[in-house]
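What follows is each chain in one-letter form.
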Amino acid sequence: MISSLDNYQHIFFVGIAGSGMSALAQYLAGIGKAISGSDRFFIPGQPNGTKDKLEREGIKCFLQDASGITSETALVIASTAVEETNIEIQKARALNIPILLRSELLTVICETKRTIAVGGTSGKSTTTAILFDILDRAGLEPSIISGAGLVRLEKQGKIGNACVGKGEWLVIEADESDGSIVNYHPEVGLLLNIDKDHKEIEELKDIFGIFKDHTKNLFIVNASNALTSPFSQDKKQDFSSTNVDAGYEATDFEQDDFQIQFKINGVDFSMNAIGKHNMENALATTAVANQLGVDLQICAEAIKNYEGIYRRNQVLGQKNGVWIIDDYAHNPAKVAAAIRSVQPLAGKVIGWFQPHGYGPTRFLRSDFVKEISQSLRAQDEIWMSEIFYAGGTTTKNISAADLVNDIRTCGRSAFFVEKRDDLAKAIKPHLTSDTAIILMGARDPSLDEFARKFFEEL
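Quick summary incoming for the structure in this document. (Residues numbered from 1 in each chain as written. Predicted model: local features only at pLDDT ≥ 70, side-chain atom pairs only at ≥ 80, totals over all residues. Heavy atoms only, no water.)

1. Notes on the pairing of strand S14 (residues 259-264)
- Residue alternation in S14 divides its side chains into a buried set, Ile 260, Phe 262 and Ile 264, and an unburied set, Gln 259, Gln 261 and Lys 263.
- Here strand S13 (residues 248-256) folds back onto S14, and the loop between the two strands holds two residues, one of which, Asp 257, carries a positive phi near 55°.
- Note: S14 against strand S15 (residues 267-271), five bridges, orientation antiparallel. Its bridge partner lying in S15, Lys 263 is registered against Asp 268.
- Turn length for the S14-S15 hairpin, with the two strands adjacent in sequence and antiparallel, is two residues, and the turn residue Asn 265 shows positive phi of about 50°. (Buried < 20%, exposed > 50% of the residue type's maximum accessible area, 1.4 Å probe, protein only. Helix = DSSP H or I, 4+ residues; strand = E, 2+ residues; numbered from the N terminus. Pairing = 2+ DSSP bridges.)

Dropping the structure here:
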């Protein structure tokens, strides 16, 4: 295992367009490394916004045909989605170029900074972004490596999921889905929640237990979550939104259209967001920042000015009286929370969801059915299109239609439209003058384009 990047200048990324990979590529470019990479989504003659933004950062982009790997390449970084049979992996092996996985590279980077690792099955990207904003407003000039683009960084023409600051702090999103969270040894660990996602609960508890053990100094947990509270290092460090004893408590939650208000330890907070889950994300960041010496009032000012992140409750606008919102929700708890967050906006909510991966959908089938059914009001509806297939070896023995039928047996209104391009036409007869639509899904890089197209067609 490589412990330092000092002797590696020319670094090539296989699968560079992915959110995690592109963040690392930009970070390394920001500290002066010569970065290049390829992706199967880079297709001749087809525009690609990610490619354009990477190239503006001085990162050379290639087709995934091994042409970008040369004798000058010192190190190759591979996405976990890239299989050993990939032509570029094979070329790197033939040239005896060392290969690191994305998580292994992030582990090396974390050792160069005072790292805050944000863990949990839901809310990591938002919490990482808010915490970065707070530390930045406090003048600490932090760095960030995240899985989603911050709107304020996107406005600068960047992807927005990475930034190299001059300060000593680095905020990262620590992923439990591939188990890589156990590799990090952060100075501060934050555990937001535990819900069934890619793994069973008992396995997740083991993983987060190692995460706590590996944290060097401060470990902060959500005291309101029954599964995270046993991991508490000290209740005075923890946070709560349900009157459970903790050092940081959020109270007086209100949602007024697209803004929420609440108090943290008696201090007034407001945020341009929707849903109690976003209050909880803001609460978690405040608990961390305050224990690093940031005044609660500065936390409140940063959160008030927080501009959001890519595809997290992203409001596309209002069309013919109907609000359309785009969201990254993809596991049962997130989908349910996303639906509930929109309900105060309209008398009727229509949710559309594209599950990702046949294996994950099989694994979470009963949980999706339970969580979605419980989140829907009598007048609400859930629509689904067919499962997104990202490639690789899998058994296609489940359909989104199976989930829809299960939800119907629970007495809720559920509909299957196999091809998502048919959604706008199919959904129009179901709209009322008081409807909000939330589009949900993850992993599929074309979802933002689909959302914009849907908005135009509605």
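2. Re the packing of helix H5 (residues 124-137) against helix H9 (residues 296-304)
- Remark: H5 packs on H9, axes separated minimally by 9 Å, with the N-to-C direction vectors making an angle of 120°. Viewed along their axes, H5 and H9 adopt a mutual orientation that is oblique. Every pair of crossing elements has a handedness; the one defined by H5 and H9 is right-handed. Between H5 and H9, the residues in contact are Ile 130, Asp 133, Ile 134 and Arg 137 and Ile 298, Cys 299, Glu 301, Ala 302 and Ile 303, respectively. (Axes fitted to C-alpha atoms, helices over the stretch in contact; angles between N-to-C directions. Parallel < 35°, antiparallel > 145°, perpendicular 65-115°, else oblique. Left-handed = near helix turned anticlockwise from the far one by under 90°. Contact = heavy atoms within 4.5 Å.)

3. Some points on the layout of surface pockets
- Quantified by volume, the second largest pocket comes out at close to 200 Å³.
- What lines the second largest pocket is a set of 13 residues, and nearest its centre among them are His 10, Ser 36, Lys 60, Gly 68 and Glu 72.
- Those elements giving two or more residues to the lining of the second largest pocket turn out to be strand S1 (10-14), strand S2 (34-38) and strand S3 (60-62).
- When grouped by side-chain class, the residues that make up the lining of the second largest pocket number five nonpolar, six polar and two charged. (1 Å grid on protein atoms, 1.4 Å probe; cavity = no way out; pocket = protein on both sides within 12 Å on 5 of 7 lines; lining within 4 Å. Points joined across faces, edges and corners; volume = space filled by probe spheres on them. Nonpolar A, V, L, I, M, F, W, Y, C, P; charged D, E, K, R; others polar.)

4. Here's the deal with the pattern of salt bridges
- Taken as a whole and judged by the stated rule, the model has 20 salt bridges.
- The salt bridge partner of Glu 187 is Arg 114, with a shortest N-O separation of 2.5 Å. Taken together, the positions of Glu 187 in the loop between strand S9 (169-173) and strand S10 (188-191) and Arg 114 in strand S6 (residues 114-119) put the pair 73 residues apart, joining distant regions of the chain.
- Relative accessible area serves as the criterion here: at 30%, Arg 114 is assigned to the partly exposed category. (Salt bridge = Lys/Arg side-chain N within 4 Å of Asp/Glu carboxyl O.)

5. Looking at the sheet that holds strand S11 (residues 218-221)
- Taking strand neighbours across the sheet as the criterion, the six strands line up as S8-S7-S9-S6-S10-S11 in an open arrangement whose pairing is mixed. Of all strands in the sheet, those with a lone pairing partner are strand S8 (162-163) and S11, marking the two edges.
- For S6 and S10, the ladder comprises four bridges, and the chain directions are parallel. In the sheet register, Val 118 faces S10, and the bridge partner there is Leu 190.
- Across the sheet, helix H4 (residues 102-110) is in contact with S6, strand S7 (143-145) and S9; its angle to S9 comes to roughly 160°.
- Each of S6, S7, S8, S9 and S10 is contacted by H5, which is oriented at about 165° to S9, the strand it contacts most.

6. As for the packing of aromatic side chains
- The tally for this structure, following the rule as stated, stands at nine aromatic pairs.
- Look at Phe 12 and Phe 62: their rings are 6.3 Å apart centre to centre, the planes differ by 45°, and that puts the pair in the tilted class. Pair noted here: Phe 12 is in strand S1 and Phe 62 is in strand S3, with a separation of 50 residues, a long-range link.
- Overall, the relative accessible area of 0% leaves Phe 12 in the buried class.
- Ring centres 5.7 Å apart and planes at 15° place the aromatic pair Phe 262 and Phe 269 in the stacked group.
- Take Phe 262: its relative accessible area is 3%, and that puts it in the buried class.
- According to the relative accessible area criterion, Phe 269 is buried, its value standing at 3%. (Phe/Tyr/Trp six-rings, centres within 6.5 Å; stacked < 30°, edge-to-face > 60°.)

7. Details of empty space enclosed by the protein
- The full count for this structure, using the stated rule, is one cavity of 30 Å³ or more.
- For the largest cavity, the calculated volume is near 30 Å³.
- If you trace the largest cavity, you find it lined by Arg 420, Asp 421, Ala 424, Phe 450, Lys 453, Phe 454 and Glu 457.
- Sorting elements by how many residues they give to the lining of the largest cavity places helix H14 (residues 447-457) first, with four residues.

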